[in-house]
Amino acid sequence: FMESTHQVHSVRDAEDYVARLNAVGVKFDQVLEGLNKREELEIYPPQFVVTKVLEEMNAFVETPAEEGILMVSLLDKMKEAELDEDDQQRIALEAKDAIETTVYPAYGRLIAHFEALDEKVEGNYGAWSLPGGEDYYRLSLKLMTTSDYDPEYIHNLGLNEVDRIQSEILDILVSEGWDTSAGFTAAIEELADNSRFYFSDSDEGRDQILAEYEALIEEVSGKLEPWFATIPDAPVEVDRVPEFKEKTAPGAYYQRPAFDGSRPGVFYANLWDIKATPKYGMRTLTYHEAIPGHHFQLAIQQSLDDLPFFRRLIPFPSYSEGWALYAERVAWEMGLLEDPYDNIGRLQGELMRAVRLVVDTGIHAMRWSREEAIDYMLANTGMAESDVVSEIERYFVMPGQATAYKVGMIKIMELRRLAEAELGEQFDIREFHDVI
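Residues numbered from 1 in each chain as written. Predicted model: local features only at pLDDT ≥ 70, side-chain atom pairs only at ≥ 80, totals over all residues. Heavy atoms only, no water.

*Asks:* Provide a residue-level description of the overall build of the chain, including the pertinent values.
*Replies:* Each helix and strand in the chain was counted, giving 18 helices and three strands. Overall, the C-alpha framework of the chain stretches about 65 × 50 × 50 Å when taken along its three principal axes. In the chain, which comprises 436 residues, the share counted as buried stands at 51%. In the chain, the share of contacts with a sequence separation of at least 24, taken over all contacts with a separation of at least 6, comes to 75%. Summed over its atoms, the accessible surface of the chain is roughly 21,300 Å², and 50% of this surface lies on carbon and sulfur atoms. With 40 positive and 83 negative side-chain charges, the chain shows a separation of 3 Å between the mean positions of the two kinds. (Helix = DSSP H or I, 4+ residues; strand = E, 2+ residues; numbered from the N terminus. Buried < 20%, exposed > 50% of the residue type's maximum accessible area, 1.4 Å probe, protein only. Contact = heavy atoms within 4.5 Å. Areas by Shrake-Rupley, 256 points an atom, 1.4 Å probe, with all protein chains shown as cover. Lys, Arg positive; Asp, Glu negative; His and termini not counted. Charge placed at Lys NZ, Arg CZ, Asp CG, Glu CD.)

Here it is, written out as structure tokens:
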């Protein structure tokens, strides 16, 4: 938040940054209060969570304050804002003091909590293992999908979709001359291992990836007219996921623009593992995270002045993620995925969401282990192992969230088919998208 979201355009902004640093102690104590309450209820996180957050937090506090991201980020922002040198020096000293006397000790208290927790946790289990866990998971599914689908239904829906999408991918590979006789897993691994589909594993290669994402946003922006009547006013930019959190962050995510227009929407791309960014997947990721995916939907949502404020802000995962996955398909319909390999990228993106239905319910209702879930996802998606591990661990700590994407997309497609059938020649895709 401090690195990516807090803006510094004035001395007051910089002083507010320091004020936030000084409030970290209170914030962390409140977090600890919640964690202690969970312990009273015998609700413990999986072992990998304890191990990984301890590793990340220890690395954070072992970095001298002046070299850490909180300080470096503030100095960069003040310099960019061209604040007076005296103000910059004064505020830098105040920030260093806040980090050393408030922020790092707060992290120390959180570290101590997790070190004690480490003695009480030994396995990686889903929601079923917690008190009231089965009911909790069903409630999570209802919250995330806004449906009454039970875990068994969602699990089987996922299995069926996995079979369908894999078959479509294999058909394209055969038409492109690939040998698929050994089955989907072998074929998709061979595709993923081909060096021609990757940029170089270097700073230059990563810069090329960001430049390519920017070019793709520009391209799709010029082809929206026949498909969309409403275009958001706010621009969208591409940034790299901050390096200090790359290892535990997802492959990409979107941050909505500021309500006052002071900050654009941002599509964050994780560039830690170059194998997690095959060229044939970049178009679909752009359409999901930026245009016409999350950026269209969320930037438009928050600009609708006739809605109550909470409705301009509140997220419903099955709607927001369903729309972004639907947007990938619309981009294909727009003719933006003419290269067969780019279409494999789209199908692979949809396949990953179908696999999510299987593994999320597998972990939390079918009692799958972390390793079983990782093995299934590796075998059925062709994703990089680093991405798969990050994904599976995310499903453990956010029960049900991963099911929202495919459930939401399926519902939007159902509504579109209904509208097309009812309206016939009067159906207008631009109006349909406005209604959604």
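*Asks:* Got a sec to walk through a nonpolar patch on the surface? Specific residues and values, please.
*Replies:* A contiguous nonpolar surface patch, about 380 Å² in accessible area, is contributed by Phe310, Ile314, Phe316 and Tyr319. Here Phe316 lies in the loop between helix H12 (309–313) and helix H13 (317–333). Its relative accessible area of 41% is what places Phe316 among the partly exposed residues. (Patch = residues over 30% accessible without salt bridge, like charges linked within 9 Å, V, L, I, M, F, W, Y side chains within 5 Å. Salt bridge = Lys/Arg side-chain N within 4 Å of Asp/Glu carboxyl O.)

*Asks:* Quick one: what's the story with the packing of helix H3 (residues 47–62) against helix H5 (residues 85–118), residue by residue and with numbers?
*Replies:* In contact at an axis separation of 10 Å, H3 and H5 are set at 150 degrees when each is read in the N-to-C sense. The angle between H3 and H5 places the two elements in the roughly antiparallel class. As for how H3 packs across H5, the hand of that crossing is left-handed. Residue-level inspection shows Gln47, Val50, Val53, Leu54, Met57, Asn58, Phe60 and Val61 of H3 in contact with H5, the latter providing Val103, Tyr104, Tyr107, Leu110, Ile111, Phe114, Glu115, Leu117 and Asp118. For the contact of H3 with H5, the residue count by class is 13 nonpolar, two polar and two charged. (Axes fitted to C-alpha atoms, helices over the stretch in contact; angles between N-to-C directions. Parallel < 35°, antiparallel > 145°, perpendicular 65-115°, else oblique. Left-handed = near helix turned anticlockwise from the far one by under 90°. Nonpolar A, V, L, I, M, F, W, Y, C, P; charged D, E, K, R; others polar.)

*Asks:* Give me the sheet that holds strand E1 (residues 236–240): which residues, what numbers.
*Replies:* Spatially, E1-E3-E2 is the arrangement adopted by the three strands of the open sheet, whose pairing is mixed. The open sheet terminates on both sides in strands that have one partner only, identified here as E1 and strand E2 (252–255). Across the sheet, the mean angle from the axis of one strand to that of its neighbour is 20 degrees, orientation sign disregarded. Its contacts with the sheet place helix H10 (residues 279–289) against E2 and strand E3 (265–269), and it is angled at close to 30 degrees to E2. Lying on the sheet, helix H11 (residues 294–301) is in contact with E1, E2 and E3; it crosses E2 at an angle near 20 degrees. (Pairing = 2+ DSSP bridges.)

*Asks:* A description of the packing of aromatic side chains should follow, citing residues and the corresponding values.
*Replies:* The full count for this structure, using the stated rule, is 16 aromatic pairs. Ring geometry for Phe427 versus Phe432: centroids 5.9 Å apart, planes at 45 degrees, classification tilted. Of the residues examined, Phe427 reaches a relative accessible area of 18% and is grouped as buried. Grouped by ring-pair contacts, the aromatic residues Phe28, Phe60, Tyr104 and Tyr107 constitute a single cluster. Positioned above the aromatic ring of Phe199, the side-chain terminus of Lys279 is 4.7 Å from the ring centre. The side chain of Arg346 reaches across the aromatic face of Trp332, ending 4.2 Å from its centre. (Phe/Tyr/Trp six-rings, centres within 6.5 Å; stacked < 30°, edge-to-face > 60°. Lys NZ or Arg CZ within 6 Å of the ring centre and 35° of its normal.)

*Asks:* Give a detailed account of the nonpolar core, specifying residues and quantitative values.
*Replies:* One finds Phe228, Phe267, Ile291, Tyr326 and Met334 to be the most contacted residues of the largest nonpolar core, which totals 43 residues. Leave out the neighbours within four places in its chain, and Ile291 touches Ile217, Val220, Ser221, Leu224, Val236, Thr286 and Phe296. (Core = buried A, V, L, I, M, F, W, Y, C linked by side-chain atoms within 4.5 Å.)

*Asks:* Lay out helix H2 (residues 24–40) with the relevant residues and their values.
*Replies:* In a regular helix each residue adds 1.5 Å, so 17 residues correspond to 24 Å; H2 covers 24 Å between its end C-alpha atoms and thus fits that length. Taken together, the buried positions of H2 are occupied by Val24, Gly25, Phe28, Leu32, Leu35 and Glu39. Viewed along the axis of H2, the buried residues span an arc of 90 degrees, placing them on a single side of the element. In H2, the exposed positions angled more than 90 degrees off the buried face are occupied by Val26, Gln30, Glu33 and Glu40. With its phi angle positive at about 60 degrees, Glu42 sits one or two positions after the end of H2. (Expected span 1.5 Å × (residues − 1). Arc of directions from axis to C-beta.)

*Asks:* Provide a residue-level description of the side chain of Asp360, including the pertinent values.
*Replies:* Its location among the elements puts Asp360 in helix H14 (residues 340–364). Arg356 provides the closest opposite charge to the buried, salt-bridge-free Asp360, at an N-O distance of 7.9 Å. Ignoring sequence-local partners within four residues, the contact set of Asp360 consists of Tyr137, Tyr395, Met398, Pro399, Gly400, Gln401, Ala402 and Thr403.

*Asks:* So what about unusual backbone geometry? Which residues, and what values?
*Replies:* A cis amide bond links Ile291 with the next residue in sequence, Pro292, at an omega value of 5 degrees. Considering the arrangement of structural elements, one finds Pro292 in the loop between H10 and H11. At Thr146, a position not held by glycine, the phi torsion is positive, near 55 degrees. Along the chain, the position of Thr146 falls in the loop between helix H6 (133–145) and helix H7 (151–175). Look at Thr146 and you get exposed, because its relative accessible area is 53%.

*Asks:* Talk me through the pattern of salt bridges; I want residue IDs and the actual numbers.
*Replies:* Should the charged atoms of two oppositely charged side chains come close, the side chains can pair. The tally for this structure, following the rule as stated, stands at 36 salt bridges. For the salt bridge of Glu350 with Arg164, the shortest nitrogen-to-oxygen distance reads 3.0 Å. Linking Glu350 in helix H14 with Arg164 in helix H7, this pair joins segments that are 186 residues apart in sequence. Judged by relative accessible area, which is 7%, Glu350 ranks as buried. By relative accessible area, which is 32% here, Arg164 ends up partly exposed. Through salt bridges with shared partners, a single network forms among Glu161, Arg164, Glu168, Arg346, Glu350 and Lys406.

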